[in-house]
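# Secondary and tertiary structure notes
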Amino acid sequence: MTGLALAICSAPSLAGGKHHARHHVRAMPRAVTGTPFGATPEVLQLADTLAQTHQLPPAWVRQQLSSAQQLRGLPKLVLPPPVSVPKNWRAYRERFIEPKRINAGVTFWNTYRSALEKAQAVYGVPADMVVGILGVETFYGQHMGHYKVLDALTTLALNFPPEHPRAAERQAFFQSELGHFLVQMRQQPVGAAPIKGSFAGAMGWPQFMPSSWAKFAVDFDGDGRIDLLNNPVDAIGSVAHYFQAFGWQTGMPTHYPVRFDEAKLDKPTLLAPDILPSFSVRNFQDKGAVLDEVAQQHPGPLALVELFNGDDAPSYVAGTDNFYVVTRYNWSSYYAMAVIELGAAVKAAMPH
């Protein structure tokens, strides 16, 4: 999901469209429920602040927040996992690069080929990257979340866990997201069903947070409305637009294989910038990274991306600026590699 894609969740989990109903039938799990917040001073104060910030009717915002349901078990879901849990790229990869998801990706690509080709033409983002995102995020629309977004965002805006290491910053983030979501609620048809999404408030096929919906969502099929919940064509265009906005460079690989010259390896220096590309090819190699012939011609900076494999040796790749762009969707190198590899696997499985 977008961060957009929120660093809180490593992976996934607005109304009415016509494009996917025949092709994608998804189960409708029962929504998570709680008890209404009520018109407490804290609720009313937040409501008035958001109404003023987003130029919404104060009485309407008060009514929405006071009737929103407090989801008591939700705040613990946004806490960081225990440090003792080892990261494991191979296990993470197996969740996404597997036959059912690849086959669903092939069906999706065949169904929406023209929209994917248009997205590549308009935004310069290849189809396999968009297909990878939608497959990892929501299994091509099948798993879009079962929390009422108003309830989830109100809960996190008012009851964010104080033990979180960045509690004040994250609570402010969710208050801001709640404001953007209220704007989107006002744009829904009268009587529309409550919008559901992830426990962190990400919505639709691409799991956009409300602020990302406001900034990056596009009406890609030209029907006069933006619909990421039911319209895969709008989702395709919106994901590609998001990538372009964060600096996707057409034709640039996301990463290259890398080996090490142990005699001159300076791994601490190579890992210090994390996934931010910071080294020229020459500098990268001077510090003990060994690149193949194609990678040696790369014109931009590189980063050493380290992926832990539990108790086994880590995996490494040389990440480019485009790899970094993928992590702007979800701030995780594991997530980015899953998106890249799922897209590549679907592309390889496409009939030629």
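Remember, predicted model here, so these are calculated numbers, not experimental data. Sequence order as written defines the numbering, with residues in each chain counted from 1. Only residues with pLDDT of 70 or above have their local features reported here, since the model is predicted, and side-chain atom pairs are shown and tallied only from 80 upward, although totals for entire chains, interfaces and linings are computed over all residues. Derived side-chain values reflect all non-hydrogen atoms in the structure, with water molecules and hydrogen atoms excluded from consideration.

## What about the overall build of the protein chain?
Counting secondary structure elements, the protein chain contains 15 helices and eight strands. Each radius of gyration reported is based on C-alpha atoms, and the globular scaling rule is 2.2 Å times the count of residues to the power 0.38. For 352 residues, the compact-globule estimate of 2.2 N^0.38 gives 20 Å, and the protein chain sits close to it at 21 Å. Taking the principal axes of the C-alpha coordinates as reference, the protein chain spans close to 65 × 45 × 35 Å. The rule is simple: take the accessible area with a 1.4 Å probe, protein chains only, and divide by the maximum for that residue type; under 20% is buried, over 50% is exposed, in between is partly exposed. Expressed as a percentage of its 352 residues, the buried residues of the protein chain come to 52%. Residue burial considers only the protein chains on display, and all accessible areas are found by Shrake-Rupley using a 1.4 Å probe. Carbon together with sulfur atoms contributes 53% to the accessible area of the protein chain, which is approximately 15800 Å² in total. Helix and strand definitions here come from DSSP, where helices need a minimum of 4 consecutive H or I residues and strands a minimum of 2 consecutive E residues; each element is numbered from the N-terminal end.

## A short note on the side chain of T154
One can find T154 in helix α7 (residues 149–158). Residue contacts for T154: discarding those within four places in its chain leaves F37, L65, A68 and L178. Residues count as neighbours in contact if any of their non-hydrogen atoms are within 4.5 Å of one another.

## Things to note about the sheet that holds strand β8 (residues 312–319)
To summarise the sheet geometry, strands pair through backbone hydrogen bonds and adopt either a parallel or an antiparallel arrangement. When DSSP finds at least two bridges between two strands, those strands are taken to pair. Spatially, β6-β5-β8-β7 is the arrangement adopted by the four strands of the open sheet, whose pairing is antiparallel. Bordering the open sheet on either side are β6 (289–291) and β7 (303–309), each of which pairs with just one other strand. Pairwise comparison of adjacent strand axes, ignoring direction, gives a mean angle of 45° for this sheet. Note: strand β5 (residues 255–260) against β6, three bridges, orientation antiparallel. Looking at the pairing, F260 lines up with A289 of β6. Between N-to-C directions, angles cover 0 to 180 degrees, with each direction set by a line fitted to C-alpha atoms, over the stretch in contact for helices. Running over the sheet, helix α3 (residues 89–96) touches β7 and β8 and is turned about 85° from β7. Those strands touched by helix α15 (residues 333–349) are β5, β7 and β8, and its axis lies near 90° from that of β7.

## What about unusual backbone geometry?
A positive phi angle, close to 50°, is found at F139, a residue other than glycine. Its location among the elements puts F139 in the loop between α6 (127–138) and β3 (147–148). One non-glycine residue, D274, lies in positive phi territory at about 60°. Within the secondary structure layout, D274 lies in the loop between α11 (267–271) and α12 (281–286).

## Topic: the confidence of the model for the protein chain
Each residue carries a pLDDT value, the predictor's own confidence for that position, ranging from 0 to 100. When pLDDT is averaged along the protein chain, the result is 91, and 91% of the positions lie at 70 or above. Of the regions scoring below 50 in pLDDT, residues 3–28 engages in 97 contacts with residues more than four places distant in sequence or in other chains.

## Quick notes on the pairing of β8
The pairing of β5 with β8 spans three bridges and is classified as antiparallel. Counterpart to Y256 in the pairing with β8 is A318. Judged from the six bridges that link them, β7 and β8 form a sheet pairing that is antiparallel. What sits directly across from A303, in β8, is G319. The turn joining β7 and β8, which pair antiparallel and follow one another in sequence, is formed by two residues; a positive phi near 65° is taken by G310.

## So, the packing of aromatic side chains
We call Phe, Tyr and Trp rings a pair once their centres come within 6.5 Å, taking the six-membered ring for Trp, and we label the pair stacked below 30 degrees between planes, edge-to-face above 60, and tilted otherwise. Using the criterion set out here, one finds 21 aromatic pairs in the structure. By definition, being over a ring means that NZ of Lys or CZ of Arg is both within 6 Å of the ring centre and within 35 degrees of the ring normal. One cation-aromatic arrangement involves K118 over F220; the distance from NZ or CZ to the ring centre is 4.3 Å. Here the guanidinium or amino end of R186 rests over the ring plane of W60, the centre of that ring lying 4.9 Å away.

## Concerning the packing of helix α1 (residues 41–54) against helix α8 (residues 167–186)
Viewed as axis vectors pointing N to C, α1 and α8 meet at an angle of 60°, and their least axial separation amounts to 10 Å. Crossing hand, α1 versus α8: right-handed. Residues L46, L50 and H54 of α1 lie in contact with α8, whose contacting residues are Q175, S176, L178, G179, H180, L182 and V183. Here a crossing is called left-handed whenever its near helix is offset anticlockwise from the far helix by less than a right angle, and right-handed whenever the offset is clockwise.

## What about the environment of A91?
On the secondary structure map, A91 appears in helix α3. Among the residues examined, A91 registers a relative accessible area of 40% and is labelled partly exposed. A C-alpha to C-alpha distance of 8.7 Å links A91 and G310, two positions 219 residues apart in sequence.

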